[in-house]
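Next come the chains, spelled out residue by residue.
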Amino acid sequence: MIHRKHPCLSKRGGIWGLCILLLYTSPLSCLGNFSKAKELVYKIKEGLPRGTFIGAIGVDLNLDFNAEPPFLFNLAQKKVNEQYVTLNNTTGELYTSATEIDRESLCPDNSEVKACILSLDVLVLPQQYFQLIKVKIVIEDVNDNRPKFPVDEIILTVPENSPINARYAVEQSAVDPDLGLHGVQTYWLVNDFGVFTLDVEENDGGELTPFLIVTETLDRETQAEYVTDIIAEDGGAPPLLGAATLKIQISDVNDNCPKFTESHLNVTVHGNTSKGAPLARLHAYDPDLGANAQISYAYSERVPRETRSLFHLDRNTGVIKLAGKIESGTAPHYKLTVLANGPGCIPAVATVTLNIIKMLSGPPVVTPRYIALEKDGVVYLKESEPPFSPIAFYTVKNVGSNQKVDCHLEGSGPFRLSPYQLIKNEYLLETTEALDYETTQEFDLIIVANNSQGLVIKAFLKIQVLDENDNAPVFQQSIVELTIDENNPPNTFLTQFQATDQDSDSSGEVIYLLGGDAPGIFELDRVTGVLIVTTSLDREEKETYRFIVRALDQGTPRRESIATVVLTVQDRNDNSPRFINKDFTFFVPENFPGYGEIGVLSVRDADAGENGWVALSILNGTDIFMIDTGRGILRAKTSLDREQQGTYQLWVEAVDGGEPALSSVTMVTVLLLDVNDNPPIVLFPQSNQSYMLVLPSTLPGTSITEVYAVDKDTGMNAVIAYSIIKRKGGEPGSFAIDPQTGNITLKRELSNRGLCSLLVKVSDHGQPEPLYSTVMVNFFVNETVSNESYIQSLLTREADIEVEEKPWFIGQMKDGPERYELFPCQPVLIALSATCLGLFLLVVMLTSYICCKRFKRHRKKKKSETEIPLKMTHGSVHVVNRKIRQISNL
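Residues numbered from 1 in each chain as written. Predicted model: local features only at pLDDT ≥ 70, side-chain atom pairs only at ≥ 80, totals over all residues. Heavy atoms only, no water.

Caption draft 1: Spotlight on the overall build of the protein. In terms of regular secondary structure, the protein is built from eleven helices and 59 strands. Looking at the protein as a whole, 39% of its 890 residues are labelled buried. In the protein, of all internal contacts separated by at least 6 residues, the share reaching a separation of at least 24 is 67%. Working note: accessible area of the protein is about 50,500 Å², and carbon and sulfur atoms make up 53% of it. (Helix = DSSP H or I, 4+ residues; strand = E, 2+ residues; numbered from the N terminus. Buried < 20%, exposed > 50% of the residue type's maximum accessible area, 1.4 Å probe, protein only. Contact = heavy atoms within 4.5 Å. Areas by Shrake-Rupley, 256 points an atom, 1.4 Å probe, with all protein chains shown as cover.)

Caption draft 2: Fine view of the state of the cysteines. Under the counting rule described, the total for this entry stands at two disulfides. Paired through a disulfide, Cys107 and Cys116 show a sulfur-sulfur distance of 1.9 Å. Since a negative S-S torsion denotes a left-handed disulfide, the Cys107-Cys116 link at about 75° is right-handed. Using a relative accessible area of 2% as the deciding quantity, one classes Cys116 as buried. Linked covalently through their sulfurs, Cys257 and Cys345 form a disulfide whose S-S length is 2.3 Å. Torsion about the S-S bond of the Cys257 and Cys345 cystine: about -85°, corresponding to left-handed handedness. Residue Cys257 is located in the loop between strand 14 (241–251) and strand 15 (259–260), and its partner Cys345 is located in the loop between strand 22 (333–341) and strand 23 (348–357); the two are separated by 88 residues in the primary sequence. (Disulfide = S-S within 2.5 Å.)

Caption draft 3: Representation of the sheet that holds strand 11 (residues 196–202) in the model. Spatial strand order, 9-12-11: three strands in an open sheet with antiparallel pairing. At either end of the open sheet lies a strand with only one pairing partner, and these are strand 9 (167–169) and strand 11. Sheet twist, expressed as the average angle between the axes of neighbouring strands with direction ignored, equals 35°. Note that strand 11 and strand 12 (residues 208–214) share seven bridges and pair antiparallel. Paired with Asp199 across the bridge in strand 12 is Phe211. (Pairing = 2+ DSSP bridges. Axes fitted to C-alpha atoms, helices over the stretch in contact; angles between N-to-C directions.)

Caption draft 4: Here's a closer look at the pattern of salt bridges. Under the definition given, this model contains 22 salt bridges. Notably, a salt bridge pairs Glu540 with Arg539, separated by 3.2 Å at the nearest N-O pair. Here the salt bridges share partners, and the residues they tie into one network are Arg539, Glu540, Glu543 and Asp571. (Salt bridge = Lys/Arg side-chain N within 4 Å of Asp/Glu carboxyl O.)

Caption draft 5: The sheet that holds strand 29 (residues 415–419), seen in detail. In space, the four strands of this open sheet follow the order 24-27-30-29, with antiparallel pairing throughout. The two strands at the open ends of the sheet, each matched to only one other strand, are strand 24 (365–370) and strand 29. When strand polarity is set aside, the average angle formed by the axes of neighbouring strands in this sheet is 25°.

Caption draft 6: Highlighting a nonpolar patch on the surface. On the surface, Leu619, Trp651 and Val665 cluster together into a nonpolar patch covering about 290 Å² of accessible area. With respect to the helices, strands and loops of the structure, Trp651 is situated in strand 49 (residues 647–656). Looking at Trp651, the relative accessible area reads 41%, which means it is partly exposed. (Patch = residues over 30% accessible without salt bridge, like charges linked within 9 Å, V, L, I, M, F, W, Y side chains within 5 Å.)

Caption draft 7: Expanded view of unusual backbone geometry. A cis amide bond, omega 0°, links Glu659 with the succeeding residue Pro660. Relative to the helices and strands, Pro660 is located in the loop between strand 49 and strand 50 (663–673). Omega for the peptide link from Phe684 to Pro685 comes to 0°, which places this bond in the cis form. With respect to the secondary-structure elements, Pro685 resides in the loop between strand 51 (681–684) and strand 52 (691–694). Despite not being glycine, Asn165 shows a phi value in the positive range, around 75°. Its place among the elements puts Asn165 in the loop between strand 8 (153–159) and strand 9.

Caption draft 8: Geometry of the confidence of the model for the protein. Chain-level pLDDT for the protein is 82 on average; 84% of the residues reach the 70-or-more range. Predicted confidence for residues 1–35 stays below pLDDT 50, and this span has 22 contacts to residues more than four positions away or in other chains. Confidence drops under a pLDDT of 50 for residues 860–890, and excluding neighbours within four residues, the segment shows 15 contacts in the predicted structure. (pLDDT = per-residue confidence, 0-100.)

Caption draft 9: Examining the packing of aromatic side chains more closely. A complete count under the given rule lists 19 aromatic pairs for this structure. Judged by centre distance (5.7 Å) and plane angle (65°), the ring pair of Phe53 and Tyr95 falls under edge-to-face. With a gap of 42 residues between them, Phe53 in strand 2 (residues 53–56) and Tyr95 in strand 5 (residues 93–96) connect regions that are remote in the sequence. Among the residues examined, Phe53 registers a relative accessible area of 44% and is labelled partly exposed. An angle of 50° between the planes, with centres 6.4 Å apart, marks the rings of Phe475 and Tyr512 as tilted. Taken together, the residues span a long stretch of sequence, with Phe475 in strand 33 (residues 474–475) and Tyr512 in strand 37 (residues 510–514) at a distance of 37 residues. Judged by its relative accessible area of 10%, Phe475 is buried. We classify Tyr512 as buried; its relative accessible area is 6%. Between Arg167 and the ring centre of Phe211, over which it is positioned, the NZ or CZ distance is 5.1 Å. (Phe/Tyr/Trp six-rings, centres within 6.5 Å; stacked < 30°, edge-to-face > 60°. Lys NZ or Arg CZ within 6 Å of the ring centre and 35° of its normal.)

Caption draft 10: Structural context of helix 7 (residues 788–796). Among all positions of helix 7, only Ile791, Leu794 and Leu795 are buried. Down the axis of helix 7, the smallest arc covering the buried residues is 100°, so these residues share one side. (Arc of directions from axis to C-beta.)

Caption draft 11: Quick look at the pairing of strand 49. Burial along strand 49 is one-sided: the face carrying Tyr648, Leu650, Val652, Ala654 and Asp656 is buried and the face carrying Thr647, Gln649, Trp651, Glu653 and Val655 is not. By the bridge criterion, five bridges tie strand 46 (residues 614–618) to strand 49 in an arrangement that is antiparallel. For Ile618, the partnering residue across the bridge sits in strand 49 and is Val652. The sheet contact formed by strand 49 and strand 50 spans nine bridges and is antiparallel. Residue pairing for strand 50: Thr647 is matched across the bridge by Leu671. Here strand 49 folds back onto strand 50, and the loop between the two strands holds six residues.

Caption draft 12: Region of interest: the environment of Ala615. Among the secondary structure elements, Ala615 is positioned in strand 46. For Ala615, a relative accessible area of 36% puts it in the partly exposed group. Between the C-alpha atom of Ala615 and that of Val603, which follows or precedes it by twelve residues, the distance is 9.5 Å. The residues touching Ala615, leaving out its near neighbours within four places in the chain, are Thr629, Glu653, Ala654 and Val655.

Caption draft 13: How the structure looks around the environment of Leu120. By the element assignment, Leu120 lies in strand 6 (residues 116–125). On the accessibility criterion, Leu120 (1% relative accessible area) is buried. Sequence spacing of Leu120 and Lys136 is 16 residues, and the spatial spacing of their C-alpha atoms is 6.3 Å.

Caption draft 14: Spatial organisation of the side chain of Arg103. Assignment of secondary structure puts Arg103 in helix 5 (residues 103–106). Take Arg103: its relative accessible area is 2%, and that puts it in the buried class. In this structure the side chain of Arg103 is engaged in a polar contact, spanning 3.1 Å, whose partner is the side chain of Asp141. (Polar contact = N/O pair within 3.5 Å; in protein donor to acceptor, adjacent residues only side chain to side chain.)

Right, here's the structure in full:
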């Protein structure tokens, strides 16, 4: 189809397409005619998440991405390669794909010498840029695999006669797919019982094999088996552990010989004893096992052949039976020497003395009828049987009508033999109390019957107690108190629980489980009882963990016991002191007394004990301020003056008592609040002796001069008001002063010449008492100054000044200085109103209404007249304020 659609394809294009087709079919591709394959190598860790950057092929090839047409990058084998990596087709950047790369799966036969490499072929297109790039991604190993033993339980047999320092290889060594340090580095035992240790040997191939070394003498008869855990540990950080149960079985050696429980027996045999009746039973024991414990009984060579024929000895059971008939010629006494033979041992010797009593009438005969389970003369009783459980009936026979029979029980144990109701010669054997397998496993009883003639017969009975699951496992401690430092590494060993169960077999096998209240961060090995914490603990998050551990046996029904674990997390100094605020700001009035409490800096440390003790100190400004290191109270050593410095910035450090100590720093800002402690300072006029020349022709309303003052305080304490409180010379009401600006204006024409002095009060608005200053403002009314010495003599002359005007704040209650002229009308209105009220009430009301309307119109008119000069002097007010700021800056 392509050739039909493009019949004019160039020759060069055809060759190019052929080369693409033969890219993987020919080892010598014609692509070599265009470009030589390049190789790039990248290294990444295994297990990286999806989208992790690997490398930029285009950048590493120094390609110009501004070229046209743009570059394209393609993977040659997409299905295979995109399983692990993704390639950006436009930028050439490689990223990990959704499938995490597992070095052990990718390179299963990889070794430490040979690297694990993921090889890619990347094509750089289009045709004019074509390159074949060989990309090799080296997958580096991380510690992501635990050591693993091939089996969960390793059984190692050690002879009990092993010499000290004997070595036994643990062939089932652990395997770790990781490489180098991440592989298995060492082995150790959870419990060595004081008789074993573990050594590790490395072969030529670098594989480690653990060897069990015997450090003390072993005795199988004392302890036949040791069960512990063998731990394989790799070299990661943190290390990963693998565990298996190591069961060390002590094999028996024939180091014990048989011994008789009784070395001498006296037996009475009556002449009428029936053939085959058991006369005595010998018992020997050997603590060894198997063939080493096999015992055979035999007569000594000293025993005559005739005696052996009369008294048969069972070589396996040690029972002596009457094999013949006692005749009149039978000897009255026989002494039998019995040997107990064991393999490779000197025989043990016991002596049986038989006393033959020849009687015309034979002894009583005791016949048993068993109620409990019996086999081969052994009765089996469960330990759960209640007291007074029947075992067997015994019937006494061969008793004459006039003979009395005494039947009683010999042997120890909770048993009794008593006549059964009123039936003659019937006896019931029963228990008297509950049996306990853990106390005694078997009893040997003898039923003895004798008649009035002194004839005695004995019947032997062996009772075997069967174990039942009547004991729960018992912990060594019911409350296990543990401690651990916080910030512990994961999988930290805490303790190993040990519970014992006196029952036998599966009823005595104990497994361990965590209770339902145990947090998920704890793990307990059900076989070994090893408790670990899988994560790092933080005391500040939780200080005490309390949960239960269960010990269960394998009996039916299962029995269990519990132990309470109390784990206390010990504090480490891992928390810096923390101030409750990022920074602190305290507002203090100036002139605050020295060593007074400015404020409290609250700081906390989440650690405990000495790690949580915090001491405070000032890093700067210690010559002015001090801090109570225990309570965090900030104080000033001296009284503070806002006019000297209004703001203080301190750096306070909190240091805990840990080792090493941790600290934090906060900034403290102390702002001084203004107190009215500075009276206004008059800057102009500069002296009470200065004066100004005022021409008599000056028109009313003209601004003559101004009083200019400043106050070092702030706020209302620095708001200044001006008022004329006294005058000397001139006519009353000639001058007025603006209470806010201090501007003095002429109010009426000047008719008198000469010196006029005004005493001006400059007061602030401070609370509770305003502060003030006074200044003398002198005017010399004349056309010229002809005699200045005369004026100076007038200024220095002592004279009283008459009071002219009210204080400034009364005038301020009206709309301005001009309102002083309105007050004389008020008494007239009051007198007029009182007169009219006395004459005609209606006239008074009409007159009052008319006067009020006139008063309002008059007020509006005055207000419009006063607003014009205020606007005119607004610029001068700004000039005065600017002067005040400049003086304040100075």
